[in-house]
Amino acid sequence: IGAASNNNLGITGMMWSGKILPVRVLGTGGGTQFDILSGVYWALGDDEVTGVPENTTPARIINLSLGGSVDSATYEAWQGEISYIFSQETQYGKPIIIAAAGNEDQDVANITPANIDSLITVGAFKFDGLRASYSNWGQYVDIMAPGGLTSVDQNGDGQPDGIYSFYGTDYRWEHGTSMATPHISGILGLALAVNPGLNQEQAQQLLYDTADQTGQSDWRGTDVKR
């Protein structure tokens, strides 16, 4: 999202002067939906999250490169909390929330939070602009972004077609919708620099209006070219 540029090191971010607020919600043993939602609230500056210091630098964009299948009650809880957040624009500063579609090559309707209709859900395409084979698909996917596919070299440069990413103390090629989602978060960070008043619905529409239509997938994940 925000890797520094012009320093002869590593990679360049989508918004190279943007600020990053890392919020850890999963540990070595995983985490709970409560942990994740608490992290979202804390990132937005909610001062009622217990056990953590106050967040004095609330985020405008929440990047959720995580997800999984949940039961119906948990889905309803997510739906209710996200609806509440978007209904409180004054308190939370017009947040924009973006979720990875997931990497199981299945209908994203089965994956939360990607299946929350009001979120911006991101699938992954490979170098040729078509859906990467692992990327989840379906009617809840709002847009596709570069996610890579490390098993191929479609551009013939002798390197895997992944997204070159910081990993540990070095860089390596990665692929996944968790690589695609930050591309959209970074793009919307640039959009906010131009129009700080953008809200979730407007950001979603901006992506629809400006997306490249030359490589497409239908809602079942079948590659379509036109």
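Since this is a predicted model, take the numbers as computed values, not measurements.

Criteria and cut-off values
- Residues numbered from 1 in each chain as written.
- Predicted model: local features only at pLDDT ≥ 70, side-chain atom pairs only at ≥ 80, totals over all residues.
- Heavy atoms only, no water.
- Helix = DSSP H or I, 4+ residues; strand = E, 2+ residues; numbered from the N terminus.
- Buried < 20%, exposed > 50% of the residue type's maximum accessible area, 1.4 Å probe, protein only.
- Contact = heavy atoms within 4.5 Å.
- Areas by Shrake-Rupley, 256 points an atom, 1.4 Å probe, with all protein chains shown as cover.
- Phe/Tyr/Trp six-rings, centres within 6.5 Å; stacked < 30°, edge-to-face > 60°.
- Lys NZ or Arg CZ within 6 Å of the ring centre and 35° of its normal.
- Polar contact = N/O pair within 3.5 Å; in protein donor to acceptor, adjacent residues only side chain to side chain.
- Pairing = 2+ DSSP bridges.
- Axes fitted to C-alpha atoms, helices over the stretch in contact; angles between N-to-C directions.
- Expected span 1.5 Å × (residues − 1).
- Arc of directions from axis to C-beta.

## Brief notes about the overall build of the protein
(1) Moving on: Along its length, the protein carries five helices and eight strands.
(2) Moving on: Reading the helices (α) and strands (β) of the protein from amino to carboxyl end gives α-β-α-α-β-β-β-β-β-α-α-β-β.
(3) Moving on: Dimensions of the protein, computed from the C-alpha atoms along their principal axes, are close to 50 × 45 × 40 Å.
(4) Moving on: Looking at the 226 residues of the protein, the share that counts as buried comes to 39%.
(5) Moving on: Across the protein, every contact between residues at least 6 apart in sequence was considered, and the portion connecting residues at least 24 apart equals 56%.
(6) Moving on: Looking at the protein as shown, the accessible area adds up to about 12,200 Å², and 51% of this sits on carbon and sulfur atoms.

## A look at the packing of aromatic side chains
To describe a pair of aromatic rings, one takes the distance between the centres and the angle between the planes.
(1) Moving on: This structure, assessed with the given rule, holds five aromatic pairs.
(2) Moving on: Each ring, one from Tyr84 and one from Tyr92, has its centre 6.5 Å from the other, and the planes form 75°; the classification is edge-to-face.
(3) Moving on: Under the relative-accessibility criterion, Tyr92 is labelled buried at 4%.
(4) Moving on: With a centroid separation of 4.8 Å and an interplanar angle of 45°, the aromatic rings of Tyr164 and Trp173 are classed as tilted.
(5) Moving on: Owing to a relative accessible area of 34%, Tyr164 belongs among the partly exposed residues under this scheme.
(6) Moving on: Grouping aromatic residues by their ring pairs yields a cluster made of Tyr164, Phe166, Tyr171 and Trp173.
(7) Moving on: Lying across the ring of Tyr167, Arg172 places its NZ or CZ 3.4 Å from the centre.

## Here we look at the side chain of His183
(1) Moving on: When you line up the elements, His183 lands in helix α4 (residues 177-194).
(2) Moving on: Residue His183 is classed as buried on the basis of its relative accessible area, which comes to 18%.
(3) Moving on: Separated by 2.9 Å, the side chain of His183 and the backbone oxygen of Met179 make a polar contact.
(4) Moving on: Setting aside its immediate chain neighbours within four residues, His183 contacts Met14, Ala145, Pro146 and Ile163.

## Here we look at helix α1 (residues 33-43)
(1) Moving on: The buried fraction of α1 amounts to eight of the eleven residues, a majority that puts the element mostly inside the structure.
(2) Moving on: Burial in α1 covers these residues: Ile36, Leu37, Ser38, Gly39, Val40, Tyr41, Trp42 and Ala43.
(3) Moving on: Directly after α1, the chain includes Gly45, whose backbone phi takes a positive value near 95°.

## Concerning the sheet that holds strand β4 (residues 143-146)
(1) Moving on: Judged by pairing direction, the sheet is parallel, and its four strands sit side by side in the order β1-β2-β3-β4 without closing on themselves. If you trace the sheet from one side to the other, it starts and ends with β1 (61-64) and β4, each paired once. For this sheet, the mean inter-axis angle between neighbouring strands, taken without regard to orientation, is 35°.
(2) Moving on: In the sheet, strand β2 (residues 96-100) pairs with strand β3 (residues 120-125) via three bridges, with the strands oriented parallel. Bridge pairing in β3 places Ala99 opposite Thr121.
(3) Moving on: Contacts from helix α5 (residues 200-210) reach β2, β3 and β4 within the one sheet, and its direction differs from that of β3 by about 30°.

## Describing helix α2 (residues 72-87)
Each α-helix winds once per 3.6 residues, and so residues spaced three or four apart point in a common direction.
(1) Moving on: In this model, α2 (16 residues) spans 22 Å end to end at C-alpha, consistent with the 22 Å of a helix rising 1.5 Å per residue.
(2) Moving on: Regarding α2, the residues found buried are Thr74, Trp78, Ile82, Ile85 and Phe86. Mapping the buried residues of α2 onto a view down its axis gives an arc of 105°, with all of them on the same face. Those residues of α2 that are exposed and angled more than 90 degrees off the buried face are Ser72, Ala73 and Glu76.
(3) Moving on: Against the buried residues of α2 lie α1, β1, α3 (89-92), β2 and α5.

## Digging into the environment of Asn103
(1) Moving on: Tracing the sequence through the fold places Asn103 in the loop between β2 and β3.
(2) Moving on: A C-alpha to C-alpha distance of 8.8 Å links Asn103 and Ala124, two positions 21 residues apart in sequence.
(3) Moving on: Apart from residues no more than four positions distant in its own chain, Asn103 is found in contact with Tyr134, Asn136, Gly176 and Thr177.

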